[in-house]
Amino acid sequence: MRSLSVAFFAFLCLSAPAQAQRVPRLLSTGNLTRVSPHVWMITGSPNIAIVVGKKATLVVDNGLGTKNGKIVADAALRLSPKGTKLYLTTTHYHAEHATGDGGFPPGTILVRPRVQQAELESEGQKLIDIFSSRSEEDKALLQDYRYLRPQILFDSDYRLDLGEVQVRLSWFGPAHTKGDEVVMVEPDSVLISGDVVQNKTGPYFYCSECTPAGWLTVLDRLAQQFHPKIVVPDHSPVGDASLIEAERAFMADIVSRTQALKNEGKSAEETKRILAAEISAKYQGWTGLGRLEDAIGKAYSGPP
């Protein structure tokens, strides 16, 4: 247990410049680390979580394309007892999270929120086209992608018993996307938070229904129901429950300060300019703040 703690805190202490370096899209089991007694993670773009029980294993996200999916599936099977049932879920429909299905073996059970599946069916190809146009690496990885049909669709909450490891999959509403899912590994007190909770990373709103007020509502519900000791985000370093509070404070600042400036009679453009500078100064050290004006614009045009 001591070696586990040392490895975990060493990961937490990685320097910001190291984290800011571009992460290769191809995942590597050389980046496989143990987060808790039943949870493993492949650090990459995105981070992949593997939850191992006595009778089943759950993989959360599967990488960009079939090659990455096979890397993830093979790692999961190596970590699992022989004959283990394999489950797969995705935190949201974006290509780097959900196009590795083809690398998973027959018999894999795919489970996800119903709203996420509908979003994937309507928007998934658009994201594949966007990723394919970004780099030759992404294009090559996506050449043979194949989506699986989910065997289990749920509305807001689904529970899995992996064998002495209970896992709760939840959808609380639109945040980063319409179908964001979070996964709570109950015996380990580990929350796999997708893009809903990141580590000092600004938000990206990827649907018309995705707003700061809506994201804040999701965070409020999450905070009420879960009290994790460890939080595993998709695109930033592992942390603890303080990540949830930091994300809530950030979103609450955008919502409240936008409304205050609007009430003062400031235009949308004035509000964007004033508040983007204010938030950037207050949250120094955060990454992904280049999209602040989009977030403020959504807050400005939304209901008070």
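Residues numbered from 1 in each chain as written. Predicted model: local features only at pLDDT ≥ 70, side-chain atom pairs only at ≥ 80, totals over all residues. Heavy atoms only, no water.

1. Brief notes about the overall build of the protein
Check the secondary structure of the protein and you find 10 helices and 12 strands. Compactness check: the protein gives a C-alpha radius of gyration of 19 Å against a globular reference of 19 Å for 304 residues, within 12% of the reference. With respect to the three principal axes, the spread of C-alpha positions in the protein is 65 × 45 × 35 Å. The 304 residues of the protein split such that 53% are buried. Considering only intrachain contacts with a sequence separation of at least 6, the fraction spanning at least 24 residues in the protein is 67%. Of the side-chain charges in the protein, 33 are positive and 34 negative, and the distance between the mean point of each set is 4 Å. (Helix = DSSP H or I, 4+ residues; strand = E, 2+ residues; numbered from the N terminus. Rg over C-alpha atoms; globule rule 2.2 N^0.38 Å. Buried < 20%, exposed > 50% of the residue type's maximum accessible area, 1.4 Å probe, protein only. Contact = heavy atoms within 4.5 Å. Lys, Arg positive; Asp, Glu negative; His and termini not counted. Charge placed at Lys NZ, Arg CZ, Asp CG, Glu CD.)

2. Considering helix α5 (residues 114-134)
Its 21 residues give α5 an end-to-end C-alpha distance of 29 Å, which sits within 8% of 30 Å, the value for a rise of 1.5 Å per residue. Its maximal kink placed at Glu123, α5 deviates by approximately 55°. Those residues of α5 that sit buried are Gln116, Gln117, Glu119, Leu120, Gly124, Leu127, Ile128 and Phe131. On its buried side, α5 packs onto α4 (95-98), β6 (109-113), α6 (136-142) and β7 (152-154). (Expected span 1.5 Å × (residues − 1). Bend = angle between axes of the 7 residues up to and from the residue.)

3. Some remarks on the sheet that holds β7
Adjacent strands of a sheet form backbone hydrogen bonds with each other and so pair up, either parallel or antiparallel. Pairing within the open sheet is mixed, and its 7 strands lie in the order β1-β2-β3-β4-β5-β6-β7. Every interior strand has two partners, whereas the edge strands, β1 (32-34) and β7, have only one. Within this sheet the neighbouring strands show an average axis-to-axis angle of 20°, counted without direction. Sheet topology places strand β2 (residues 39-42) next to strand β3 (residues 48-52); 4 bridges connect them, and they run antiparallel. Paired with Val39 across the two strands is Val51, which belongs to β3. (Pairing = 2+ DSSP bridges. Axes fitted to C-alpha atoms, helices over the stretch in contact; angles between N-to-C directions.)

4. Observations regarding the state of the cysteines
The full count for this structure, using the stated rule, is 1 disulfide. Each disulfide pairs two cysteine sulfurs, and for Cys207 the partner residue is Cys210, the sulfurs being separated by 2.0 Å. In this structure, the disulfide formed by Cys207 and Cys210 twists by about 100° around the S-S bond and is classed as right-handed. Taking relative accessible area as the criterion, Cys207 reaches 10% and is therefore assigned buried. (Disulfide = S-S within 2.5 Å.)

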